[in-house]
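Observations on chain architecture
Each chain is listed here by its residues.
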Amino acid sequence: MNEFIQNESGILGSPDALRNLATLEEATILVISDSHKNVENFKKVLNEFKGKIDAIIFCGDGAYDFGGLLDLAFSQKSEKDLIPPVCAYVRGNGDPSYISCDFPPHILDIPEKTVLEAGGKKIFISHGHCQSVYYNDSVIINEAKENGCNIILHGHTHIARNEYIDNGMKIICPGSISLPRGGQEKSFCILTIKGNYSDACFISLTGDGFKSYTPL
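From a predicted model like this one, the values you see are computed outputs, not experimental measurements.

1. Section: the pattern of salt bridges
Counting across every chain of the model gives eight salt bridges. Where Arg19 meets Asp16, a salt bridge forms, and the shortest distance between an N and an O atom there is 2.3 Å. On the criterion of helical spacing, the pair formed by Arg19 and Asp16 is a turn pair, its members being three residues apart in helix 1 (residues 15–23). Through salt bridges with shared partners, one network takes in Asp137, Arg161 and Glu163.

Printed below as a string of structure tokens:
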């Protein structure tokens with residue numbers, strides 16, 4: 001359950017929850033992006049992994065979807081476990097810089113980029129439009145390096161990927177749970193961090209539920 005406290009980096013979670021996530025021997029993180037008003041799919045994924053994850057990272061373009069689910073978890077006791085203890089999120093090119101919410105202080109800032117520490121690793125998170133990820137990775141890689149991060153998460157392209165890049169860094173896009181591109185399926189991923197190991201397991205949404213997915 002999240003305590004709905006936003007820190008200076010825009011991350012939602014209590015100081016204790018953030019410290020715990022940073023030092024976990026094994027961290028399990030749900031990574032979602034580009035819901036584009038498909039709040040039903042967003043909620044479906046959160047319900048499926050309720051109580052099974054340590055954090056959620058939302059990579060943008062669907063801030064109002066995300067905000068509505070936060071409000072739901074805050075206001076209804078039956079939904080309090082919908083949101084894990086830590087939530088990191090960034091704004092996409094279709095998102096505002098802040099949204100109104102039901103919980104104090106009633107304005108939720110949506111940062112352009114942020115850094116989350118989990119399982120002893122630092123994760124750089126940005127939607128990717130400001131770094132032109134459609135064209136190349138050089139800008140987002142440099143920004144991640146400047147922040148001491150070795151895992152990069154982004155959205156924007158709607159194309160899932162999981163690649164090792166410069167000096168063992170990893171760059172991941174979970175795809176889109178609403179509008180996939182490039183012949184891909186609606187997808188998200190589970191990021192696991194354990195010691196020096198980190199990897200993403202992709203899952204697609206089907207008419208019947210979920211299935212393991214290997215992006216093309």
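Next comes the rest of the account.
2. A look at the environment of Gly94
Within the secondary structure, Gly94 sits in the loop between strand 3 (86–89) and strand 4 (98–100). Considered as a pair, Gly94 and Asp34 are 60 residues apart in the sequence and their alpha carbons are 9.5 Å apart.

3. Concerning the sheet that holds strand 3
Taken together, six strands build an open sheet; the order of strands is 3-2-1-11-12-13 and the sheet is mixed. The open sheet has two free edges, formed respectively by strand 3 and strand 13 (210–212), since each of these has just one partner strand. On average, each strand axis in the sheet is tilted by 25 degrees relative to the strand beside it, whichever way the strands run. Those strands touched by helix 2 (residues 39–48) are strand 1 (26–32), strand 2 (55–58), strand 11 (187–194), strand 12 (197–205) and strand 13, and its axis lies near 165 degrees from that of strand 1.

4. Concerning the nonpolar core
In this structure, Leu30, Ile32, Phe42, Leu70, Leu108 and Phe188 are the most contacted members of the largest nonpolar core, which totals 31 residues. Mapped onto this core, the elements with two or more residues apiece are strand 1, helix 2, strand 2, helix 3 (63–75), strand 3, strand 11 and strand 12. It is helix 3 that contributes the most residues to this core, six residues altogether. Excluding anything up to four places from it in sequence, Phe42 contacts Ile32, Ser35, Ile56, Phe58, Asp65, Phe66, Leu69 and Ile177. Of all hydrophobic cores here, the second largest spans 27 residues; its members include Leu18, Leu116, Ile125 and Ile172.

Conventions we followed
- Residues numbered from 1 in each chain as written.
- Predicted model: local features only at pLDDT ≥ 70, side-chain atom pairs only at ≥ 80, totals over all residues.
- Heavy atoms only, no water.
- Salt bridge = Lys/Arg side-chain N within 4 Å of Asp/Glu carboxyl O.
- Helix = DSSP H or I, 4+ residues; strand = E, 2+ residues; numbered from the N terminus.
- Pairing = 2+ DSSP bridges.
- Axes fitted to C-alpha atoms, helices over the stretch in contact; angles between N-to-C directions.
- Contact = heavy atoms within 4.5 Å.
- Core = buried A, V, L, I, M, F, W, Y, C linked by side-chain atoms within 4.5 Å.
- Buried < 20%, exposed > 50% of the residue type's maximum accessible area, 1.4 Å probe, protein only.

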